[in-house]
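# Chain and residue survey
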Amino acid sequence: MEVQNKIEVAIMKIVVIGGSGLIGSKLVPKLLERGQEAIAASPKSVVNSITGKGLAEALKGASVVVDVSNAPSWEDVAVMNFFETSTRNLLSSEGTAGVKHHVALSVVGSDRMLESGYFRAKIAQENLIKASSMSYSIVRATQFFEFLKGLADISMDGSKVHLPPVLFQPMSADDVTAGVGRIAVGAPVNGTVEIAGPEQFRLNELVQRRLATLRDSRKVIADPRARCSGAEVNDQTLVPSKNAQLGETRFETWLTQPAAKMAAAAH
Ligand SMILES: NC(=O)c1ccc[n+]([C@@H]2O[C@H](COP(=O)([O-])OP(=O)(O)OC[C@H]3O[C@@H](n4cnc5c(N)ncnc54)[C@H](OP(=O)(O)O)[C@@H]3O)[C@@H](O)[C@H]2O)c1
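Presented here is an overview of the structure given in this document. (Residues numbered from 1 in each chain as written. Predicted model: local features only at pLDDT ≥ 70, side-chain atom pairs only at ≥ 80, totals over all residues. Heavy atoms only, no water.)

## Regarding the overall build of the protein
- Along the protein, the regular secondary structure elements total 10 helices and 12 strands.
- Scaling as 2.2 N^0.38, a compact globule of 267 residues should have a C-alpha radius of gyration of about 18 Å, and the protein matches this with 18 Å.
- In terms of principal-axis extent, the alpha carbons of the protein reach across some 50 × 40 × 35 Å.
- In the protein, buried positions account for 51% of the 267 residues.
- Of all intrachain contacts in the protein linking residues separated by at least 6 positions in sequence, the fraction that spans at least 24 positions is 82%.
- For the protein, the accessible area works out to roughly 12,500 Å², and carbon and sulfur atoms hold 54% of it.
- Positive and negative side-chain charges of the protein, numbering 29 and 27 respectively, have mean locations separated by a distance of 2 Å. (Helix = DSSP H or I, 4+ residues; strand = E, 2+ residues; numbered from the N terminus. Rg over C-alpha atoms; globule rule 2.2 N^0.38 Å. Buried < 20%, exposed > 50% of the residue type's maximum accessible area, 1.4 Å probe, protein only. Contact = heavy atoms within 4.5 Å. Areas by Shrake-Rupley, 256 points an atom, 1.4 Å probe, with all protein chains shown as cover. Lys, Arg positive; Asp, Glu negative; His and termini not counted. Charge placed at Lys NZ, Arg CZ, Asp CG, Glu CD.)

## Some points on the pattern of salt bridges
- In total, this model carries 14 salt bridges according to the counting rule given.
- Residue Arg140 pairs with Asp111 through a salt bridge whose shortest N-O separation is 3.0 Å. In this pair, Arg140 is assigned in strand S5 (residues 136-141) and Asp111 in the loop between strand S4 (101-107) and helix H5 (117-131), connecting sequence segments 29 residues apart.
- Look at Arg140 and you get buried, because its relative accessible area is 9%. (Salt bridge = Lys/Arg side-chain N within 4 Å of Asp/Glu carboxyl O.)

## A word on the side chain of Glu199
- Note that Glu199 resides in the loop between strand S9 (192-196) and strand S10 (201-202).
- For Glu199, the side chain forms a polar contact with the main-chain nitrogen of Phe251, separated by 2.9 Å.
- Non-local contacts of Glu199, meaning those with residues more than four positions away in its chain, are made with Phe168, Gln169, Pro170, Arg250 and Phe251. (Polar contact = N/O pair within 3.5 Å; in protein donor to acceptor, adjacent residues only side chain to side chain.)

## Focus on the sheet that holds S5
- Pairing is parallel across the open sheet formed by seven strands, whose spatial order is S2-S1-S3-S4-S5-S9-S12. This sheet does not close on itself; its edge strands, each paired only once, are strand S2 (37-41) and strand S12 (245-246).
- By the bridge criterion, five bridges tie strand S1 (residues 13-17) to S2 in an arrangement that is parallel. For Lys13, the partnering residue across the bridge sits in S2 and is Glu37. (Pairing = 2+ DSSP bridges.)

## Observations concerning unusual backbone geometry
- Of note, the phi angle at Arg215 is positive, near 55°, even though the residue is not glycine.
- Within the element layout of this structure, Arg215 appears in the loop between helix H8 (203-213) and strand S11 (220-222).
- The exposed category is assigned to Arg215, whose relative accessible area is 78%.
- Here Ser229, not a glycine, exhibits a phi torsion of approximately 50°, which is positive.

## Things to note about the sheet that holds strand S6 (residues 156-157)
- Here we have three strands laid out as an open sheet, ordered S6-S7-S11, and mixed in their pairing. Of all the strands in the sheet, the pair left with one neighbour each is S6 and S11.
- Where S6 and strand S7 (residues 160-163) come together, two bridges link them in antiparallel fashion. In the strand pairing of S7, Met156 is matched with Val161.
- Against the sheet, H8 engages S7 and S11, with an angle of about 165° to S11. (Axes fitted to C-alpha atoms, helices over the stretch in contact; angles between N-to-C directions.)

## Quick notes on the pairing of S1
- Most of S1 sits inside the fold, with five of its five residues counted as buried.
- A two-sided burial pattern is seen for S1, the buried positions comprising Lys13, Val15 and Ile17 on one face and Ile14 and Val16 on the other.
- Assessed by its sense of winding, the connection that carries the chain from S1 through helix H2 (residues 24-33) to S2 is right-handed. (Right-handed = clockwise from strand over helix to strand, strands pointing away.)

Printed below as a string of structure tokens:
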């Protein structure tokens, strides 16, 4: 018990790349609450993992780097360039700075969705990390509740949303943050951990429910031939393995939380 407590209170400098984003802006305060020295790093705070600007300075004295950045463009070539260049720059700067643990947020099922340029880029990111000499933890999360409207937006065919009626197990951004935070303060797993929501749904049905809560009148068509984020999916593609760590927040509970209202306002 005493040893555990000592590990818990060991203060580390943890740099959160993408610290201004949806997950990053929740993660930094959460780590600070736990007594860690957490720093948000992104172009807004003049730290750029593509150009390298501000990176060496931000990483000075850091023990852990958590990469929760995302590409500004999801076009095939642009997104691949982003994750490859950013990950190479981070790993190289971390080596120079003596960082001990690289944590990256990826997506459950990325390896099953290689038809999509976005997921090819996430796998390229994962492969660069695995091939590096850095100790690492890859955290693969399922889709965020906050992303349900975004999923509708990228699944339009004419005036209707077309999505396949496959199983999926999304989670709240707060639970993603808790999962990533837990891994960030622990020892590197040098492997992949999956995190997911507590309930399974049919993709088309949950997106329709979310649109209804936003008073968005678009109709979601259950279309078995429709792609999800540009990839063919089935009942196994989006759901995690049985070893996944499950968050607590159920969809109906999330809808009552400020996060759901903020996600609505953001759109
Ligand atoms: N959406 C989902 O359902 C889902 C599911 C599982 C995993 N994920 C993964 O979760 C991760 C985080 O997603 P998110 O929604 O939190 O992202 P987000 O809100 O779009 O935030 C993106 C962050 O990346 C930063 N960034 C962009 N270009 C950068 C650069 N050149 N250097 C450093 N930082 C840069 C942005 O900084 P500025 O604000 O300064 O521009 C921002 O802080 C992604 O890698 C994604 O693949 C998403």
